[in-house]
Amino acid sequence: LGEGAPKFHAAAHAHLATPDPRQVPIDSALEREIATQTEWRGPFLKKVRESMRLSIEEMAAVTKISKTYLMAIEEENFVKLPAPVYVRGFVMQLARILKLPVDQVVTTYLDRYK
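Residues numbered from 1 in each chain as written. Predicted model: local features only at pLDDT ≥ 70, side-chain atom pairs only at ≥ 80, totals over all residues. Heavy atoms only, no water.

A.B. asks: Hey, could you go over the overall build of the chain for me, with residue numbers and the actual values?
C.D. replies: When helices and strands are counted, the chain shows six helices and zero strands. Across the chain, helices and strands are ordered from the amino to the carboxyl terminus as α-α-α-α-α-α. Per-residue burial over the chain gives 37% buried out of 114 residues. Restricting to contacts in the chain with at least 6 residues of sequence separation, those with at least 24 account for 62%. When the accessible surface of the chain is totalled, it reaches about 7,200 Å², and 56% of it is carbon and sulfur. (Helix = DSSP H or I, 4+ residues; strand = E, 2+ residues; numbered from the N terminus. Buried < 20%, exposed > 50% of the residue type's maximum accessible area, 1.4 Å probe, protein only. Contact = heavy atoms within 4.5 Å. Areas by Shrake-Rupley, 256 points an atom, 1.4 Å probe, with all protein chains shown as cover.)

Here it is in structure tokens:
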């Protein structure tokens, strides 16, 4: 960059950054619902994501999973999803980001997927 070039200041552009899901508190009613969950379904994963104020685009940016696959997971549109080994990885990553019990989420989601 030349002498006259504007300098980029990260702080000035912080509002453009993807929110850090670890910093977003989960509503207490939803926490209770999460604690009683035994079967993890796509629409519930969507509900948790939305409660964390994460858009599908932000989740795609954080996870590097395409919006198409994220929406298919949330809608349980299994026809649009790839092989189970990929879905397992995707759901595992989503559960981690959403602060959910990874093993339970993956197992119950994949039971329906198969």
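A.B. asks: Got a sec to walk through empty space enclosed by the protein? Specific residues and values, please.
C.D. replies: One simple way to see leftover space: roll a probe sized like a water molecule over the atoms. By the definition in use, this model includes one cavity of 30 Å³ or more. Taken as a whole, the largest cavity spans an internal volume of roughly 30 Å³. Forming the boundary of the largest cavity are Leu45, Lys46, Arg49, Met59, Glu74, Leu94 and Leu98. Counting residues per element, the lining of the largest cavity draws most heavily on helix α2 (residues 42-51), at three residues. (1 Å grid on protein atoms, 1.4 Å probe; cavity = no way out; pocket = protein on both sides within 12 Å on 5 of 7 lines; lining within 4 Å. Points joined across faces, edges and corners; volume = space filled by probe spheres on them.)

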